[in-house]
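# Summary of structural features
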Amino acid sequence: MKARSVLFCALSAVAFVASVSAGTPAVPAAQAIQQTLDASAAAWSAGDLKTFMGCYEHSPATRFVGASGMVVGYDAIEAMYASTYKKPGASLGKLRLEVLDVKNLGSEYAYAIARYHLKPDTGAEVTGLSTLLFHKVSGRWLINSDHSS
């Protein structure tokens, strides 16, 4: 009898957790990706390059492709951003990222097209397009491949 009570309690707990989980809808990929990019842009605009890099998958296989070529690896991408944009006594400027389109590529990958708007301290705003391959890692959508022009 005692074993049945324990079994009943265990099954009830599992059923409760399953019903709560089922009642919490997952955030759509497009919304989660926009949230990732918004947080990254806010960090950039605050001059926090380390936090900005949080939108990239921390992997030696992560890629960035730009006008000057391809950079491979999270650490190399961070170093490229630092050497290109981080100047003594100057801010990184104000960044805004606008998601234009997202296409799901299964449950772990999504392809996004975004427009970036970068306003430096002095000079005109720079804008362009980015094609981004996102990889869902531990529940977070992170950039695995970035082609910005």
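Scroll up a little and you will see the structure.
Residues numbered from 1 in each chain as written. Predicted model: local features only at pLDDT ≥ 70, side-chain atom pairs only at ≥ 80, totals over all residues. Heavy atoms only, no water.

### Re the overall build of the chain
Secondary structure summary: the chain contains 4 helices and 6 strands in total. Burial analysis of the chain (149 residues in total) assigns 33% to the buried set. Accessible surface, the chain: about 9000 Å² in total, of which carbon and sulfur atoms supply 63%. (Helix = DSSP H or I, 4+ residues; strand = E, 2+ residues; numbered from the N terminus. Buried < 20%, exposed > 50% of the residue type's maximum accessible area, 1.4 Å probe, protein only. Areas by Shrake-Rupley, 256 points an atom, 1.4 Å probe, with all protein chains shown as cover.)

### Digging into the environment of T36
Looking at the element boundaries, T36 is found in helix α2 (residues 29-45). Given the relative accessible area of 15%, T36 is considered buried. C-alpha of T36 to C-alpha of I143: the two residues are 107 residues apart in sequence and 9.4 Å apart in space. If we ignore the near neighbours within four places in the chain, the residues touching T36 are C55, F134 and W141. A distance of 3.4 Å separates the side chain of T36 from the backbone oxygen of W141, its partner in a polar contact. (Contact = heavy atoms within 4.5 Å. Polar contact = N/O pair within 3.5 Å; in protein donor to acceptor, adjacent residues only side chain to side chain.)

### Focus on the side chain of E78
Relative to the assigned elements, E78 resides in helix α4 (residues 74-85). Judged by its relative accessible area of 13%, E78 falls in the buried class. A distance of 3.1 Å separates polar atoms of two side chains, one belonging to E78 and the other to K50. Apart from residues lying up to four places away in sequence, E78 is in contact with L49, K50 and M53.

### A closer look at the environment of K50
In this structure, K50 sits in helix α3 (residues 49-52). As a C-alpha pair, K50 and E78 span 28 residues in sequence and 8.0 Å in three-dimensional space. With sequence-adjacent residues up to four places away left out, K50 is seen in contact with Y74 and E78.

### With respect to the layout of surface pockets
Its volume calculated, the largest pocket comes out at about 480 Å³. What lines the largest pocket is a set of 27 residues, and nearest its centre among them are F64, Y81, Y85, Y116 and S148. Among the elements of the structure, α2, β1 (63-66), β2 (69-72), α4, β3 (94-104), β4 (109-119), β5 (126-137) and β6 (140-148) are those that each provide at least two residues to the lining of the largest pocket. By residue number, the principal contributor to the lining of the largest pocket is α4, which donates 4 residues. Split into classes, the residues belonging to the lining of the largest pocket amount to 19 nonpolar, 7 polar and 1 charged. (1 Å grid on protein atoms, 1.4 Å probe; cavity = no way out; pocket = protein on both sides within 12 Å on 5 of 7 lines; lining within 4 Å. Points joined across faces, edges and corners; volume = space filled by probe spheres on them. Nonpolar A, V, L, I, M, F, W, Y, C, P; charged D, E, K, R; others polar.)

### Some words on α2
Here α2 is 17 residues long and its end C-alpha atoms lie 24 Å apart, about the 24 Å a rise of 1.5 Å per residue gives. For α2, every residue scored as buried is listed here: A29, A32, I33, T36, L37, S40, A41, A43, W44 and S45. The elements touched by buried residues of α2 are α3, α4, β3, β4, β5 and β6. G47 sits one or two residues past α2 and shows a positive phi near 80°. (Expected span 1.5 Å × (residues − 1).)

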